[in-house]
Amino acid sequence: MEITSFILGVLAVIAVGMVAITSVNYMAFKTLKRDFDNYVSSTERVLADIYRDRETQGQELHSRITETEQALARHTDSRVDKLESKIFNDFDIKQKQRKQY
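Residues numbered from 1 in each chain as written. Predicted model: local features only at pLDDT ≥ 70, side-chain atom pairs only at ≥ 80, totals over all residues. Heavy atoms only, no water.

> Kindly report on the overall build of the protein, identifying the contributing residues and their values.
When helices and strands are tallied, the protein shows 1 helix and 0 strands. A compact globule built from 101 residues should have a C-alpha radius of gyration of about 13 Å, whereas the protein, at 42 Å, is more than 25% larger. Here the protein, with 101 residues, has 1% of them falling under the buried criterion. Surface summary for the protein: the accessible area is close to 9,600 Å², and the carbon and sulfur share equals 63%. On the protein, the mean spot of the 15 positive side-chain charges and the mean spot of the 15 negative ones are 10 Å from each other. (Helix = DSSP H or I, 4+ residues; strand = E, 2+ residues; numbered from the N terminus. Rg over C-alpha atoms; globule rule 2.2 N^0.38 Å. Buried < 20%, exposed > 50% of the residue type's maximum accessible area, 1.4 Å probe, protein only. Areas by Shrake-Rupley, 256 points an atom, 1.4 Å probe, with all protein chains shown as cover. Lys, Arg positive; Asp, Glu negative; His and termini not counted. Charge placed at Lys NZ, Arg CZ, Asp CG, Glu CD.)

Next up, the structure:
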């Protein structure tokens, strides 16, 4: 009878220990899952910010390239007009002047 009580006591302690360990593991797993979900959501936010910044920088770069192309075209057009005017004046292509060279 004493051995039976001892064995039942040991089994009860083992059962309580298993319940306690299971409870601790469940809480640890729940915390780990919450942390992982937070990590995933923060990673998604960071990636969205990176993609948005990349898109903004791409648009800014395209805008700068377009502005530079337009400025270059205006400058080239101005230089060509000035050269054309100088050629007309110096070489008398329109034959308004009679310079001798």
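Text resumes after the structure shown.
> Please provide a residue-by-residue account of the pattern of salt bridges, values included.
Evaluation of the coordinates by the stated rule reveals 2 salt bridges. A salt bridge links D37 to K33, with the nearest nitrogen and oxygen atoms 3.3 Å apart. Note that D37 and K33 are positioned in helix α1 (residues 2-91) at a spacing of 4 residues, about one turn of the helix. Overall, the relative accessible area of 36% leaves D37 in the partly exposed class. On the basis of relative accessible area, K33 is assigned to the partly exposed category, the value being 47%. A salt bridge links D49 to R52; its shortest N-O distance comes to 2.4 Å. (Salt bridge = Lys/Arg side-chain N within 4 Å of Asp/Glu carboxyl O.)

> Any chance you could break down a nonpolar patch on the surface for me, citing the residues and the numbers?
The grouping of I3, F6, I7, L8, V10, L11, I14 and M18 at the surface amounts to a nonpolar patch, some 820 Å² of accessible area in total. Within the secondary structure layout, L11 lies in helix α1. (Patch = residues over 30% accessible without salt bridge, like charges linked within 9 Å, V, L, I, M, F, W, Y side chains within 5 Å.)

> Describe the environment of V80, with residues and values.
Position of V80 among the secondary structure elements: in helix α1. With relative accessibility at 47%, the residue V80 sits in the partly exposed group. Measuring from C-alpha to C-alpha, the distance between V80 and V19 comes to 90 Å, with 61 residues separating the pair along the chain.

Fair warning: the whole summary comes from geometry, so function is off the table for now.
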